[in-house]
Amino acid sequence: MRVNRAVRVFLGIILLAIFSFYSYNRYVTSPKSSDFDSGDFIFVYSDIRDMLEKGESIEDRYPELADKYYELYGIEAESASEIPAEEAAPAEEPVVVEEITVMPEEPEQPESDLPQIDLADWKYMLVNASHPLDGSYAPPEIVNVSPSQCPVDSRIQTDLEAFLQGCTDAGLPVYLSSGYRAYSEQDYLFQRKLGQGYTYEGASTIVAPPGTSEHQTGLACDITDVYRESKSWETLEPTATFQWLNEHCAEYGFILRYPKEKSGLYYDGSALQTITGIVYEPWHFRYVGVEAATYMKEHDLCLEEFIALYQ
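(A) Spatial organisation of a nonpolar patch on the surface. A contiguous nonpolar patch, built from Phe10, Leu11, Ile14, Leu15 and Ile18 and spanning about 500 Å² of accessible area, is present on the exposed surface. With relative accessibility at 57%, the residue Leu15 sits in the exposed group.

(B) Just the sheet that holds strand β4 (residues 220-224), in detail. With antiparallel pairing, the 4 strands of this open sheet are ordered in space as β3-β4-β8-β5. A single partner strand is all that each edge strand has here, and the edge strands are β3 (175-177) and β5 (254-256). Strand-to-strand twist of the sheet, defined as the mean angle between neighbouring strand axes without regard to direction, takes the value 35°. As paired strands, β4 and strand β8 (residues 284-287) are joined by 3 bridges and run antiparallel to one another. Residue pairing for β8: Ala220 is matched across the bridge by Arg286. The sheet contacts of helix α5 (residues 157-169) involve β3, β4, β5 and β8, and relative to β4 the element is tilted by about 10°.

(C) Structural context of the packing of aromatic side chains. The full count for this structure, using the stated rule, is 12 aromatic pairs. Taking the centre distance of 5.7 Å and the plane angle of 75° together, the rings of Tyr175 and Tyr227 count as edge-to-face. Of this pair, Tyr175 sits in strand β3 while Tyr227 sits in the loop between β4 and α8 (233-236), placing them 52 residues apart in sequence. Looking at Tyr227, the relative accessible area reads 54%, which means it is exposed.

(D) Highlighting the state of the cysteines. Counting across every chain of the model gives 0 disulfides. No disulfide involves Cys221; its sulfur sits 5.4 Å from that of Cys150, the nearest cysteine. According to the relative accessible area criterion, Cys221 is buried, its value standing at 0%.

(E) Representation of the environment of Leu194 within the structure. Within the secondary structure, Leu194 is located in helix α6 (residues 183-195). Here the alpha-carbon distance between Leu194 and Val207, two residues 13 residues apart in the chain, equals 9.7 Å. With near-sequence residues (within four places) excluded, Leu194 lies in contact with Thr199, Tyr200 and Ala203.

Conventions and cut-offs
- Residues numbered from 1 in each chain as written.
- Predicted model: local features only at pLDDT ≥ 70, side-chain atom pairs only at ≥ 80, totals over all residues.
- Heavy atoms only, no water.
- Patch = residues over 30% accessible without salt bridge, like charges linked within 9 Å, V, L, I, M, F, W, Y side chains within 5 Å.
- Areas by Shrake-Rupley, 256 points an atom, 1.4 Å probe, with all protein chains shown as cover.
- Salt bridge = Lys/Arg side-chain N within 4 Å of Asp/Glu carboxyl O.
- Buried < 20%, exposed > 50% of the residue type's maximum accessible area, 1.4 Å probe, protein only.
- Pairing = 2+ DSSP bridges.
- Helix = DSSP H or I, 4+ residues; strand = E, 2+ residues; numbered from the N terminus.
- Axes fitted to C-alpha atoms, helices over the stretch in contact; angles between N-to-C directions.
- Contact = heavy atoms within 4.5 Å.
- Phe/Tyr/Trp six-rings, centres within 6.5 Å; stacked < 30°, edge-to-face > 60°.
- Disulfide = S-S within 2.5 Å.

Geometric values such as these leave the question of function open.
Now the structure itself:
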């Protein structure tokens, strides 16, 4: 009887020890509010208990505490596939940017001072060996300009008379000759030159063959200081009249048609670069209008060079 009582006491002590160990171990391993009382982990401990009792996942309510939860309970974290991740933000639709080709602006071109003219206008009629006139051509109207009654195209009369008057007003003598010549008259002059022993090529540099003379246009004439039966550049170039005419001709719409630097040959036969194909004639002035004449004067151009700028 005494033995049984001793056994019962011993067993009671054993059970009490087991219960005490169990209670202590659960206390030590259970999460406490102090474990979550600072920083990003502040919350009421009872919330965890309620959450666990309801079977909710800690990740659902406190996803940021999942790792601490696993650490406190001493269990391994679930695999990444099992841990609910924050709902990913929907992928943004790619922005399609319409490609726009922007052409670079062309550098601004400097404005050309080349006159805006119509080469078909009568003032710019080009007559030379490459651009002959028909034998029947004549100006629409011919007038005689005083004091020598020189025939010219009536369209240049006003400017020609002003040109002559300007020279007179400068105190210089001026004489007008050899204006309009018909095709037949030009042919006579050319044949006469051939009769003097010139070759066709040689005669052509002195007297234009019929159809290639500017005199047939009525837009050109010979202007000298006094009447001269024969003309030579050596005697005319030094005169004050020529110097004034050459300097001021553009103001009245005229150009020196066969300038020295463009005209091929002197009368003495010495060679120069030829553009006009006619010898230097410091008496032959041609009407082209003030605009074109001014440009040609400023840029040292003969009529062939000026017209080439438009082609």
